[in-house]
Amino acid sequence: MEMIVAIFTKYGLVMAFLIIGVVMYIAGLISKATNKRIAGSAIAILIGLVLAYVGGVASGEGAGGLSKIPLFSGLGIMGGSMLRDYCIISTAFGARISEIKKAGLAGIISLFVGVIASFVVGVVLAIMFGYSDVVSATTIGAGAVTFIVGPVTGAALGASSDVVALSIAAGVVKSILVMIMTPFVAKSIGLNNPKSAMVYGGLMGTTSGTAAGLAATDARLVPYGAMTATFFTGLGCLMCPSVLFLATKAILG
Amino acid sequence: MAIYGLTLLSVCMLLGTLLGDILGKAVNVSANVGGVGFAMLFLILISDYLLENNMLSPKAQDGIKFWSMMYIPVVVAMTARQNVVAAVKGGPMAILAGVLAVAVAFAFVPMISKIGAPGTPLPENDKEKEA
């Protein structure tokens, strides 16, 4: 047993690939059980949060989550900011400028309104719940944009880990709600044509939420919504730690 | 070679981070201002040019695509190392923030859809097909 633990600790990153692979597989099974209504990725992130809670309690310090347990230390490398940002940036590959132009004026406006509106909602709530320093409020606001923009912003601004965890949680709640609610509100918000699907993708932003929600509404709308949604995270990563942070700072003082 | 794709990705990331740090200095905050966003912007612009001119081999593209496929797993690993114990205290806030952000965004869909020429509804499906 000691030998096994020693190997797992020594090859931490390899161990992390193993753990995350198992988590993704289990999440996929749960997703199937919900008839794919909730995307596997959102479930996997929820499992990740649960693991972080368990790890935090087990190690007795909370910070660092599961990665504080030596056996799972590799998660700290795999989920560290270097590899994370590398992966996030790589998702921009393949976004063609001609496609961005196709989204048109409504698509572009929806992106800006979507990022700013979510951000403002998050910041207001953060302040109401007592996270009134500029860095924490901005990070939680960014989390309301998406669960990616939150931690990216938090890392850029130097927010504490519990605030980053909160911002992820807010983003995951948003993503899951979009998946579940979309088919129910589709009719009342006029979600029956490519153009409104693009506007919708730009406003919601969460790619997994948008894709799963539209698939449950009308599968033919998915590519339109997903197209604008892919730009949402990029725009959020650009605006939240910069313009929106400075605006928040100017207002909060 | 696959490594060329990773090299391109590295160049974009380091340039973006540098620009973010410089911007942070310029506006006098000790933070990286929009670095990841700039890096994505660089990648879109450079890769669009390279693809347009057939200068990025399929292998090099695969190198980049591998990392974009690793995106969700890496995010899961990231969540597993957050201080969730401390965040649970603020749980209701996270839920409320998520709910309100969605509600506000839904409300904006019909408004912004009105901008520009109206969209044409897709023809009625024969019968709702299950995905």
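**Student:** So, the overall build of chain A: which residues are in play, and what are the values?
**Tutor:** Helix and strand counts for chain A come out as twelve helices and zero strands. If you list the helices and strands of chain A from N to C, you get α-α-α-α-α-α-α-α-α-α-α-α. With 253 residues in all, chain A has 57% of them scored as buried. In chain A, of all internal contacts separated by at least 6 residues, the share reaching a separation of at least 24 is 68%. As displayed, chain A has an accessible area near 9800 Å², and 72% of this comes from carbon and sulfur atoms.

**Student:** Which residues make up the side chain of Thr 248 of chain A, and what values go with them?
**Tutor:** All names here are of chain A. Here Thr 248 lies in helix H12 (residues 222–252). Exposure remark for Thr 248: the relative accessible area of 7% places this residue in the buried category. Excluding its chain neighbours within four sequence positions, the residues that come into contact with Thr 248 are Phe 119, Val 123, Val 134, Thr 138 and Gly 253.

**Student:** Summarise the interface of chain B and chain A; cite the residues concerned and give the values.
**Tutor:** Contacts between chain B and chain A engage 81 residues on the former and 97 residues on the latter. Regarding the contact of chain B and chain A, the summed buried area is about 7900 Å², with carbon and sulfur atoms giving 79% of it. Its largest share of buried area at the contact with chain A, chain B owes to Arg 81, Met 93 and Phe 106 of chain B, together 9% of the area lost on that side. Applying the counting rule to chain B against chain A returns zero salt bridges.

**Student:** Describe the confidence of the model for chain B, and please don't skip the residues or the numbers.
**Tutor:** All names here are of chain B. Within chain B, residue pLDDT values average 79, and 76% of them lie at 70 or more. Element-level mean pLDDT values for chain B span from 66 in helix H5 (residues 84–89) up to 90 in helix H3 (residues 58–69). Low confidence marks residues 126–131, where pLDDT is under 50. Its contacts with residues over four positions away, or in another chain, come to two contacts.

Definitions and cut-offs
- Counting of residues starts from 1 at the beginning of each chain's written sequence and follows it residue by residue.
- Chains and ligands are labelled by the order in which they are written, letters from A for the one and numbers from 1 for the other.
- Whole-chain, interface and lining totals are the exception, using all residues; otherwise, since this is a predicted model, local features are given only for residues with pLDDT of at least 70 and side-chain atom pairs are given and counted only at 80 or more.
- Side-chain calculation: all heavy atoms of the structure are included, whereas hydrogens and water are not.
- The helix and strand labels rest on DSSP assignments: H or I over at least four residues marks a helix, E over at least two residues marks a strand, and numbering proceeds from the N terminus.
- Each residue's exposure class comes from its accessible area (1.4 Å probe, protein chains only) as a fraction of the maximum for that residue type: buried when under 20%, exposed when over 50%, partly exposed otherwise.
- We call two residues in contact whenever any of their non-hydrogen atoms come within 4.5 Å of each other.
- Values of accessible area rely on a 1.4 Å probe in the Shrake-Rupley scheme; residue burial ignores everything except the protein chains shown.
- A quick way to say it: buried area is the sum, across both parts, of accessible area lost when two parts are put together, with a 1.4 Å probe.
- Criterion for a salt bridge: a side-chain nitrogen of Lys or Arg within 4 Å of a carboxyl oxygen of Asp or Glu.
- Each residue carries a pLDDT score, the predictor's confidence in it, ranging from 0 to 100.

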